[in-house]
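Reading the structure
Spelled out, the chains give:
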Amino acid sequence: MDALIAVGSKQAPTGDQQRRLVDDVISRSLVAPGERATTTTLGRWTIVAIDSHTKPYCDQWVTQDDRLVIACRGYTTSDEQPPVAFSRLVADPQRWRRHRRREFRLTESPGGIYAAVVVDLRLDRLHAWSSHGNVESLYYCETASTWVVGTDPLAVHVVAASDHRVRFDAAWARHVMLTGSSLEHDTPYPDTMRIPSRRAIRIADDGVTLQPHPVEISITPRHASIDELEDAVVRAVRPCGSHADPVLRLSGGKDSRAALAAIVAAHGDVRAVTMGAEGSGEVEVARQVARSVGIPHEMIERDTISSDEIWNTIADNVRAASGLLSENRNLIFPLPRPGVHAVEVHGQAHHLRGGFMSRDRYDEAAVSAAMTQRFGSGHSFCSDELMSEAERLTAAYLRRSDIGRSGLQLYWAYGDLRIAAWLSAGFAKLRRNALLIWPFLDERVLDVTARLPVRLRTEETAQYELIARATPDAARLPLFDSVWRFDRRGHGAKVYPDWAGERTERVTDGVIRRTRRAPVGSTTDLVALARDAMS
């Protein structure tokens, strides 16, 4: 298990008592053979870092000065080495400021995808948050005697439980399968909660308090240029440059092509890998894209996906993500070959093309119908009966949301559900083998994305513009089994007349057909599978 855990005692025991308690729980319940755990104890707080193996990059660390203990997991994209840059950012009193409401704020984003825990020794408080994409999530639990915060929900649950045993909530698993993700902030473990997207928590003698995210991000509609976006994306892929042989998972779609354009714009090297079968349309499109920018391309054979493979992959994802379940379209099928890559780059640019058109901004019925279709449908594992319940639960979530406020608000709702909740399990699985870079979830990229005019996102013109600037030869190539939204709506020939004929050619998979996934009429088997995976 890889995890970063912070434990605070409400009784404020001595450091030795706290260390013995934490060490006993970790050695007995969490650390497997070959793993190592390091602890840092100061006063009532103990920070524990569990590593499964040594990686060629620093993915979690703990440091301190005379007033702060800083723990970080993930990576940042600052110009300096991430631990140094992040430490200076948090410890610099000019950049870290206390608000009248005792909020914790930073004046600058470190970029990247990370989870952070900061203990203020002078005020005896803990602050914890994730980067805005929230795929490197944090979880917390409060008991009568302790507070526990960590990056792994199972670890938080086991450390906090009085008997340090696992209790898996089957009702939670069923709810997730019905909705495609947890629409709340609960987890498979009782009383263990996920820190909400774009929020932080403060823990002090007065308890656990939800607070604004320490890195302020504007969601007020105002102009942000493609130049700003390009600059932020180039910085987001900077970690690739310090590692040999970075790998890009290149499909025939939009997001991975945009990630490739970001690497090219940053003058980086990468090789592309596509999973599929020789002769399939997706492999051929990906191969043409790689060839157009002059990078090596490799096809990994995968002609069909059997039912057994799907279920085995679900189990593998559940184990790797400590009981969290990914929505079925975002399950992570690993590359079927030995070896560990230092860096993997993935697209996942849903934020950049998320949200709804401004004409629906104040039409609550239209927005609700569109979001229900997007969030509550298309789950190929669910029967019609379960699909109806999923739509009902999604509608209940929308009634609690401020959906009539603006199209930009809807962008964040889209991003929260599609990214933070649906992808966190897959992120947890993949990052065990490599530094996983999702440039469009980088905090600095999200800041620019939030300020883009709605139409640039919903028409997908911002994403296409990035590709056209850095890789014009790739921009002219068609997508696999899709077209750009501005072309679909008839605007492409006017906005981007060059290559309109080539770009809109429909490429489908006429050779290989994947095995159709049979719908599941009940989630009983999957819930049992998840429970067994945790035992």
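Just above, that's the structure.
No experiment lies behind these values; they were computed from the predicted model shown.

**Brief notes about the pattern of salt bridges**
Per the counting criterion, the structure on display carries 25 salt bridges. The partner of Arg73 in a salt bridge is Glu136, with the nearest N and O atoms 3.5 Å apart. One end of the pair, Arg73, is in strand 5 (residues 68–75); the other, Glu136, is in the loop between strand 9 (125–130) and strand 10 (139–142), with 63 residues separating them in the sequence. Among the ionic pairs, Arg476 bridges to Glu502, the shortest N-O distance being 3.6 Å. Here the residue Arg476 occupies a position in the loop between helix 15 (472–475) and helix 16 (485–488), and Glu502 occupies one in helix 18 (residues 500–503), the gap between them amounting to 26 residues. A relative accessible area of 27% means that Arg476 is categorised as partly exposed. Look at Glu502 and you get partly exposed, because its relative accessible area is 38%. Sharing partners across several salt bridges, the network here consists of Lys254, Asp255, Arg353, Glu460 and Arg485.

**A few points about the packing of helix 6 (residues 255–265) against helix 7 (residues 281–293)**
With their axes 12 Å apart at the nearest point, helix 6 and helix 7 run at an angle of 15° to one another. Taken as axis vectors, helix 6 and helix 7 run roughly parallel relative to one another. Where helix 6 crosses over helix 7, the handedness of that crossing is right-handed. Where helix 6 abuts helix 7, its residues Arg257, Leu260 and Val264 lie against Val285, Val289 and Val293. Looking at the contact of helix 6 with helix 7 residue by residue, the class counts come to five nonpolar, no polar and one charged.

**Topic: the side chain of Gln348**
On the secondary structure map, Gln348 appears in the loop between strand 18 (343–345) and helix 9 (364–375). Residues contacting Gln348, with those up to four places away along its chain left out, are Asp255, Leu423, Trp438, Phe440 and Leu441.

**Some words on the nonpolar core**
By size, the foremost hydrophobic cluster in this structure holds 57 residues, and its most contacted members are Leu229, Val345, Leu352, Trp438 and Phe440. With six residues, helix 6 is the largest single contributor of residues to this core. Formed by 23 residues, the second largest nonpolar core is a distinct cluster that contains Met1, Val48, Ile50 and Ala155.

**Focus: empty space enclosed by the protein**
Tallied over the full model, the rule gives nine cavities of 30 Å³ or more. In this structure, the largest cavity spans a volume of roughly 160 Å³. Contributing to the lining of the largest cavity are 18 residues, with Glu136, Thr151, Asp152, Ser424 and Ala428 lying nearest its centre. Per-element tally for the lining of the largest cavity: the top contributor is helix 11 (residues 407–430), with three residues.

**What to know about the sheet that holds strand 2 (residues 36–42)**
Pairing is antiparallel in the open sheet, where six strands are placed in the order 2-3-1-11-10-12. Two strands close off the open sheet at either side, each with one partner strand: strand 2 and strand 12 (193–194). Across six bridges, the pairing between strand 1 (residues 3–9) and strand 3 (residues 45–51) is antiparallel. The residue of strand 3 that forms the bridge with Gly8 is Trp45.

**Digging into the pairing of strand 16 (residues 271–276)**
Within a regular strand, the side chains alternate between the two sheet faces. Within strand 16, six of the six residues are buried, which leaves it mostly tucked inside the rest of the structure. Going residue by residue along strand 16, you find Arg271, Val273 and Met275 tucked away on one face and Ala272, Thr274 and Gly276 tucked away on the opposite face as well. Two strands pair when backbone bridges link them, and strand 15 (residues 247–249) and strand 16 are joined in this way by three bridges, in the parallel orientation. For Arg249, the partnering residue across the bridge sits in strand 16 and is Val273. Handedness of the strand 15-helix 6-strand 16 crossover: right-handed.

**A look at the packing of aromatic side chains**
Applying the stated criterion across every chain, the model contains 10 aromatic pairs. Between Phe104 and Trp129, the ring centres sit 5.2 Å apart and the planes meet at 40°, which makes this aromatic pair tilted. With Phe104 in strand 7 (residues 104–106) and Trp129 in strand 9, this pair connects stretches of sequence that are 25 residues apart. Both residues of the pair, Phe104 and Trp129, count as buried. A ring pair is formed by Trp484 and Phe486, whose centres lie 6.1 Å apart and whose planes are at 10°; its orientation type is stacked. Classification of Trp484 by relative accessible area gives buried; the value is 1%. Here the aromatic residues Phe86, Phe104, Tyr114 and Trp129 are joined through ring pairs into a cluster of three or more.

**A word on unusual backbone geometry**
Of note in this structure, Asn134 is not a glycine but carries a positive phi near 60°. Turning to its location among the elements, Asn134 is positioned in the loop between strand 9 and strand 10. Using a relative accessible area of 2% as the deciding quantity, one classes Asn134 as buried. Here Asp191, not a glycine, exhibits a phi torsion of approximately 65°, which is positive. Summarising the element assignment, Asp191 is placed in the loop between helix 4 (170–179) and strand 12.

**Some details on the side chain of His350**
Looking at the secondary structure, you find His350 in the loop between strand 18 and helix 9. The exposure class assigned to His350 is buried, which follows from its relative accessible area of 7%. Side chain to side chain, His350 and Gln348 meet in a polar contact 3.4 Å long.

**Quick word on helix 6**
Across the 11 residues of helix 6, nine count as buried, placing the element largely inside the fold. Turning to helix 6, its buried residues are Asp255, Ser256, Arg257, Ala258, Ala259, Leu260, Ala261, Ala262 and Ile263.

**Some words on the sheet that holds strand 4 (residues 60–64)**
Taken in spatial order, the six strands of this open sheet run 4-5-8-9-13-14, and their pairing is antiparallel. Bordering the open sheet on either side are strand 4 and strand 14 (207–212), each of which pairs with just one other strand. The average undirected angle you get between the axes of adjacent strands in this sheet is 15°.

Criteria and cut-off values
- Throughout this description, residue numbers start from 1 for each chain and increase along the sequence as written.
- At least 70 in pLDDT is required for a residue's local features to be given in this predicted model, at least 80 for side-chain atom pairs to be given and counted, and no such filter applies to totals for whole chains, interfaces and linings, which use all residues.
- The side-chain numbers reported here are obtained from all heavy atoms of the structure, hydrogens and water having been left aside.
- A pair is scored as a salt bridge if a Lys or Arg side-chain nitrogen falls within 4 Å of a carboxyl oxygen belonging to Asp or Glu.
- The secondary structure listing takes helices from DSSP runs of H or I that are at least 4 residues long and strands from runs of E that are at least 2 residues long, numbered from the N terminus.
- We call a residue buried when its accessible area falls under 20% of the maximum for its residue type, exposed when it is over 50%, and partly exposed in between, using a 1.4 Å probe and counting protein chains only.
- The convention used is that axes are lines fitted to C-alpha atoms, helices contributing only their stretch in contact, and that angles between N-to-C directions extend from 0 to 180 degrees.
- Here is the rule for angles: anything less than 35 degrees is roughly parallel, anything more than 145 is roughly antiparallel, 65 through 115 is roughly perpendicular, and the remaining ranges are oblique.
- The crossing is said to be left-handed when, going from far helix to near helix, the turn is anticlockwise and less than a right angle, and right-handed when the turn is clockwise.
- When checking whether two residues touch, look at their non-hydrogen atoms; a contact exists if any pair is within 4.5 Å.
- Here the term charged refers only to Asp, Glu, Lys and Arg, the term nonpolar to Ala, Val, Leu, Ile, Met, Phe, Trp, Tyr, Cys and Pro, and the term polar to all other amino acids, Gly among them.
- To form a nonpolar core, buried Ala, Val, Leu, Ile, Met, Phe, Trp, Tyr and Cys residues must be joined to one another through side-chain atoms within 4.5 Å.
- We place a 1 Å grid over just the protein atoms. Points where a 1.4 Å probe fits but has no way out form a cavity, open points with protein on both sides within 12 Å along at least 5 of 7 lines form a pocket, and any residue with an atom within 4 Å of a point lines it.
- Grid points are joined across faces, edges and corners, and a volume is the space filled by probe spheres set on the points.
- When DSSP finds at least two bridges between two strands, those strands are taken to pair.
- With its strands directed away from the observer, a crossover is right-handed exactly when the path from the first strand over the helix to the second travels clockwise.
- Any pair of Phe, Tyr and Trp rings, taking the six-membered ring for Trp, is counted once the centres come within 6.5 Å. Such a pair is stacked with planes under 30 degrees apart, edge-to-face with planes over 60 apart, and tilted for the rest.
- Two N or O atoms form a polar contact when they lie within 3.5 Å of each other; inside protein one atom must be a possible hydrogen donor and the other a possible acceptor, and for residues adjacent in sequence the pair counts only when both atoms belong to side chains.

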